[in-house]
Amino acid sequence: MTTVCFPEPVSDDPATSGLEDALLLATISEDTLEAAPSRMELHDALVAVASGLDARFVAAGTALARAYEIVEALIGALESVTNAFERDAAEAAVDNMRGTADRLMRLPVIQSSRRQALVSIEQSSAALSGQIEQVNRTLSFLRICGLNIKVAAAGSGDFSGFADMMFAKIDLGEQEMESISREIAWLAEAVPGMFEVEDQLAAECALVVPQVPCKLADDALALQDHQVELAERAVQISDVARRIRSQVGTALGALQVGDITRQRLEHVADGLRDLDMFLETPSDLTPDVTETIAGHATALLAAQAADTLDIFRNEARLLTSSLRGIGPNAAALLELRVSDNADEPDGEGVFLQMLESSVAEVASVTEQLREADARSNQLSSVASTTARNLAKRLATVHRITSDVQQMAWNTDLRCYRMGTEGRGLAVVAAEIRGFAATLATIASAIAQSFDGLTAAAATIRGTEEDEPVDAGQALKESLDCIRDGGQRMRRGLSELDHGASAVAEILQETTDRIDCEADVGDPLLEIADRLAMLGRECAELPEDALAPLGELLGTIAARYTMAREREVHRAFAPTAGEDAAPAVDMFGDDDDDFDDGLF
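Computed from a predicted model, the values in this text were never measured in an experiment. (Residues numbered from 1 in each chain as written. Predicted model: local features only at pLDDT ≥ 70, side-chain atom pairs only at ≥ 80, totals over all residues. Heavy atoms only, no water.)

S.K.: Got a minute to help me understand the overall build of the protein in this structure?
M.R.: Helix and strand counts for the protein come out as 16 helices and zero strands. Across the 599 residues that make up the protein, the buried fraction comes to 45%. A separation of at least 24 residues holds for 92% of the contacts in the protein among residues at least 6 apart in sequence. When the accessible area of the protein is evaluated, it comes to approximately 28700 Å², of which 52% is carbon and sulfur surface. (Helix = DSSP H or I, 4+ residues; strand = E, 2+ residues; numbered from the N terminus. Buried < 20%, exposed > 50% of the residue type's maximum accessible area, 1.4 Å probe, protein only. Contact = heavy atoms within 4.5 Å. Areas by Shrake-Rupley, 256 points an atom, 1.4 Å probe, with all protein chains shown as cover.)

In structure tokens:
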């Protein structure tokens, strides 16, 4: 389970204390142009603007990062819900309900077929009882034949041993026939009780079929539709949340403009300090040269401030517009949350309660039906097993028949060897051959009876689909699975209201922080204008100004971290006139080594 945790909202207001001095400067400067601030006053104002800007954008970045974490956690929670409804277990739950309904619907047909099979078993059992009795009677006659062989042989050891062997086989045959008789007797005694159970099952079927299975099938369909609906809602909300996450991530990257602007303003302020130190340091330069250098350097710093302001305004406006564009998606989260539950605060819970009541009703109505079905299947299973075992006994009957036929052949062969002395034995041999023919006829009838038993056993056994199903247990398992998914869905959505509201609040707070045209842009514009008034670019510098100006501008340029700063700086590179050689590019020949970003 994914738990969505929301950090406490930051309560501090956008930092403005650093801008107060700059605003005061703008107010004072409007009073009179004659009271223009000094370069160091402008330095202090730039530092104040940069400090306030940094605090403002750092707070905005922290707030956006918090919004990103909230949305990320929400996506994780919703994905766990989506995955819960995509598992095979959820589909199996619905299939379980449908299978139970199908089983109940087919139960009357199954019960009718099973009853007909019981009739067949009853008839086959009765026939087998008589046929086994005939086999036993034939074996008794064969035993008499064995005694006659001993008498006719007049004590001959050879014939006496042959008769003893006949007795052993007859004994074994009688024992096996006794086992078969016991199984047939049990089956015959069990069938009436099975008919009673089948009658009870038929009565219960008439009470619940088809209305209960149809209702159960409808519940399964409703459950499936509900499951699909919840999954689709989770996917929709996740998609919206992912869009918000992507937009917030883009906005976080765009907040870099605040840091870039801060750095550039600090570089301008540091340049003013460098210029002030240059002016305070004693030198051999004439006042005119010194004034030219100061004016040119100030013009450079004014150009840097103006360029910084232009870029900041453009990027900040784009960022503000982007943040305002996230608002509709944040509102969409709340709309998706309440769209299906406008009238019911817990639609999923209400649906599951209704379904549970329906299932409980089905379980109550089908309780006796389930009991009768279970008893019928239990008895049918035993009867089917017994019938299959009896069918396997056919080999025993065939073996006994074969043994008797072998006895007849052996007796004929011995009589032939004895000549006229074997006439008495020939009579016995003829009787044995007659009994062998009788056994063959009985075996054929037994085979037909066993075929009937086998077919009836197959009908009673049925297929796997005909296995008895505990509707109450099956439906409980289905409900447990879907209830678990529904609970996870509610847990995933429980924080959605809070999360969507928090994100919307954070976006509004962040937008207010960076929408600082009046708080930052106006003071910075005033500072850039004042610097422009103090500065004066010199297109053709005197020869004795080149070296000190180049050293001063080199000190200023050493702090640059932006390619844009270097581009602005190149326009103010010192030159001595039209015929003078171009100044050396202090940044090198390859601008591609630098980037507008931070490094």
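S.K.: I keep staring at the nonpolar core and nothing clicks. Help me out?
M.R.: Nonpolar side chains tend to gather and get buried jointly when the protein is soluble and globular. Leu46, Phe57, Ile244 and Leu531 are the most contacted members of the largest nonpolar core, which totals 68 residues. Residue assignment for this core shows that the elements contributing at least two residues are helix H2 (39-86), helix H5 (211-254), helix H6 (256-280), helix H7 (287-339), helix H13 (496-514), helix H14 (517-534) and helix H15 (543-557). The biggest single contributor to this core is H7, with 18 residues. Residues Ala117, Ala408, Ala436 and Leu453 belong to the second largest nonpolar core, which totals 44 residues. (Core = buried A, V, L, I, M, F, W, Y, C linked by side-chain atoms within 4.5 Å.)

S.K.: Honestly, the environment of Ala305 in this entry has me stumped. Any pointers?
M.R.: Relative to the helices and strands, Ala305 resides in helix H7. Remark: the alpha-carbon pair of Ala305 and Glu266, spanning 39 residues in sequence, is separated by 10.0 Å. Those residues in contact with Ala305 that sit more than four places away from it in its chain are Val268, Ala528 and Leu531.

S.K.: Hey, could you run me through H15 in this one?
M.R.: In an α-helix there are 3.6 residues to a turn, and that puts residues three or four apart on one side. Here H15 contains 15 residues, and its C-alpha end-to-end distance of 21 Å stays within 8% of the 21 Å for a straight helix at 1.5 Å per residue. When we look at burial in H15, the residues that qualify are Ala545, Pro548, Leu549, Leu552, Leu553, Ile556 and Ala557. (Expected span 1.5 Å × (residues − 1).)

S.K.: Could you clarify how one ought to interpret the packing of aromatic side chains in this entry?
M.R.: Any pair of aromatic rings gets described here by the distance separating the centres and the angle formed by the planes. Inspection of every chain in the model, using the stated rule, returns two aromatic pairs. A centroid spacing of 6.1 Å and a plane angle of 65° characterise the contact between Phe57 and Phe312, whose relative ring orientation is edge-to-face. Of this pair, Phe57 sits in helix H2 while Phe312 sits in helix H7; the two residues are 255 residues apart in sequence, bridging distant segments of the chain. For the residue pair Phe57 and Phe312, the accessibility class agrees, reading buried in each case. (Phe/Tyr/Trp six-rings, centres within 6.5 Å; stacked < 30°, edge-to-face > 60°.)

S.K.: What's the story with the pattern of salt bridges in this structure? I'm lost.
M.R.: Between side chains of opposite charge, pairing is possible as soon as their charged atoms come close. Considering all chains together, one arrives at 14 salt bridges under this definition. Its salt-bridge partner being Arg143, residue Asp171 comes within 2.4 Å of it at the nearest N-O pair. Here Asp171 is found in helix H4 (residues 157-208), whereas its partner Arg143 is found in helix H3 (residues 88-152), with 28 residues between them in sequence. The partly exposed category is assigned to Arg143, whose relative accessible area is 25%. Each member of the salt-bridge network shares a partner with another, and the members are Arg264, Asp307, Arg564 and Glu567. (Salt bridge = Lys/Arg side-chain N within 4 Å of Asp/Glu carboxyl O.)

S.K.: Got a minute to help me understand the environment of Ala220 in this structure?
M.R.: For Ala220, the location among the structural elements is in helix H5. Distance in space between the C-alpha atoms of Ala220 and Leu355 is 9.3 Å, their sequence separation being 135 residues. Each residue touching Ala220, except ones within four places of it in the same chain, is listed here: Val94, Met97 and Arg98.

S.K.: When you look at the side chain of His296 in this model, what are you seeing that I'm missing?
M.R.: Along the chain, the position of His296 falls in helix H7. The buried category is assigned to His296, whose relative accessible area is 2%.

S.K.: Where do I start with the packing of H6 against H15 in this structure?
M.R.: Packed helices, taken two at a time, are described by their axes: the angle between them and the distance between them. For the pair H6 and H15, the least separation of the axes is 9 Å and the interaxial angle reads 150°. Taken as a pair, H6 and H15 cross one another with a handedness that is right-handed. Facing Gly271, Asp274, Leu275 and Phe278 of H6, the residues of H15 in contact are Pro548, Leu552, Thr555 and Ile556. For the contact of H6 with H15, the class distribution of residues is five nonpolar, two polar and one charged. (Axes fitted to C-alpha atoms, helices over the stretch in contact; angles between N-to-C directions. Left-handed = near helix turned anticlockwise from the far one by under 90°. Nonpolar A, V, L, I, M, F, W, Y, C, P; charged D, E, K, R; others polar.)

S.K.: Sorry if this is basic, but what is going on with the confidence of the model for the protein here?
M.R.: Low pLDDT means the predicted atomic positions in that stretch should not be read closely. On average, residues of the protein carry a pLDDT of 75, and 73% of them reach 70 or more. Mean pLDDT across the elements of the protein bottoms out in helix H1 (residues 17-29) (44) and peaks in helix H16 (residues 563-570) (94). Taken as a whole, residues 1-35 scores under 50 in pLDDT and shows 56 contacts with residues more than four places along the chain or in a different chain. Note on residues 589-599: pLDDT under 50 across the span, and 23 contacts to partners over four residues away in sequence or across chains. (pLDDT = per-residue confidence, 0-100.)

S.K.: Just checking my understanding: could you explain the environment of Ala457 for this structure?
M.R.: Examined against the element boundaries, Ala457 turns out to sit in helix H11 (residues 423-461). Linking Ala457 and Ser120, residues 337 residues apart in sequence, is a C-alpha distance of 9.4 Å.

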